[in-house]
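# Commentary on secondary and tertiary structure
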Amino acid sequence: TKRREQQITFMNLWVHQMKTPLSVLEMMAQNHQLSPTAVLTETQRLKNGLNIALNEARLSTGFQADFLLKQLSLKEVVTSAINTQKSTCIQRNIYPVLTISDDLIVISDEKWLAFMIEQVLTNSLKYSHSGEKIEITSSETNETIALSITDYGVGIPPSDLPRIKRAFFTGENGRKFGEANGMG
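Cut-offs and rules
- Residue positions within a chain follow its written sequence, with the count starting from 1.
- Reporting in this predicted model follows two pLDDT cut-offs: at least 70 for local features of residues, and 80 or more for side-chain atom pairs to be given and counted; totals over whole chains, interfaces and linings ignore these cut-offs and use all residues.
- Excluding hydrogens and water, the side-chain values take into account all heavy atoms of the structure.
- Only DSSP runs of H or I with at least four residues qualify as helices, and only runs of E with at least two residues qualify as strands; both kinds are numbered from the N terminus onward.
- Burial classes: relative accessible area under 20% of the type maximum marks a residue as buried, over 50% as exposed, and values in between as partly exposed (1.4 Å probe, protein chains only).
- Any two residues having at least one pair of non-hydrogen atoms within 4.5 Å are treated as being in contact.
- Criterion for a salt bridge: a side-chain nitrogen of Lys or Arg within 4 Å of a carboxyl oxygen of Asp or Glu.
- Residues belong to one nonpolar core when they are buried, are Ala, Val, Leu, Ile, Met, Phe, Trp, Tyr or Cys, and are joined through side-chain atoms within 4.5 Å.
- One number per residue, pLDDT, summarises how confident the predictor is, and it ranges from 0 to 100.
- Paired rings are identified among Phe, Tyr and Trp, the last through its six-membered ring, by centres lying within 6.5 Å, and are further divided according to the angle between planes into stacked (under 30 degrees), edge-to-face (over 60) and tilted (the rest).
- Think of it this way: DSSP has to see at least two bridges between two strands before they count as a pair.

## Describing the overall build of the protein
If you tally the helices and strands in the protein, you get six helices and five strands. If you list the helices and strands of the protein from N to C, you get α-α-β-α-α-β-β-α-β-β-α. Buried positions account for 32% of the 184 residues belonging to the protein. Across the protein, the fraction of contacts at a sequence separation of at least 24, relative to all contacts at a separation of at least 6, is 71%.

So this is what it looks like as structure tokens:
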């Protein structure tokens, strides 16, 4: 089936993606260059990859069983998501600017909402230049709350836009920068 083929493709890409940080750590150890910053960067890449794999497994075994709606402070969820990327922010000298009201409440699943925000932040960090900012803001109209994450990085070429939601699609910039795997 198509879903099974996607799972096999995902696993092949994921295993390849996880080999890179392990190889980097191994090479640094062999050359006696294990700086704390470099180790944290590579372990964060491993954690991100493991989270993607765990969430893929959850999606394939029944998303509903792992989905719990409740009232959440949007600012707290976003702050938590930013904290998972803290070492990358420090290393890249990119510090998100957060403008979300303390009392803004959303109804969502905390884990899945945080995961989605982390994925967008990860991409913003990958494709932004050192010293640039990432702005995270919210707006509220009637019964709708919008969260905006704005970076000033390389952007997505218009020719890639129709395909960015396809599983395993790697766009032009992902190929140029060598960071993309299409698993996000």
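## Notes on the pattern of salt bridges
Counted according to the given criterion, the structure contains five salt bridges. One salt bridge in this structure joins Glu42 and Arg45, with 3.3 Å as the shortest N-O distance. On the criterion of helical spacing, the pair formed by Glu42 and Arg45 is a turn pair, its members being three residues apart in helix H2 (residues 36–60). The class for Arg45 is partly exposed, based on a relative accessible area of 27%.

## Considerations on the nonpolar core
Leu74, Val78, Leu113, Ile117, Leu121 and Ile136 are the most contacted members of the largest nonpolar core, which totals 18 residues. Of all the elements in the fold, those that place two or more residues in this core are helix H3 (74–84), helix H5 (110–126) and strand E4 (134–141). What Ile117 contacts, discounting residues up to four positions off in sequence, is Val77, Val78, Ala81, Leu147 and Ile149.

## Some details on the confidence of the model for the protein
When pLDDT is averaged along the protein, the result is 81, and 84% of the positions lie at 70 or above. Within the protein, the element-level pLDDT minimum falls on helix H6 (residues 172–177), averaging 51, and the maximum on strand E2 (residues 97–99), averaging 95.

## Some details on the packing of aromatic side chains
The full count for this structure, using the stated rule, is one aromatic pair. Pairing Trp112 with Phe115 gives two aromatic rings, centres 6.1 Å apart and planes at 90 degrees, and the pair type is edge-to-face. Residue Trp112 and its partner Phe115 are both found in helix H5; the two are separated by three residues, about one turn of the helix. Judged on exposure class, the residue Trp112 and its partner Phe115 are both buried.

## As for the pairing of E4
Here E2 runs beside E4; their pairing, made up of three bridges, is parallel. Bridge pairing links Val97 to Glu135 in E4. Bridge analysis of E4 against strand E5 (residues 144–151) gives eight bridges, and the strand direction is antiparallel. Within E5, the residue paired with Thr141 across the bridge is Thr144. The turn linking E4 back onto E5 is made up of two residues, and Asn142 within it adopts a positive phi angle of 50 degrees.

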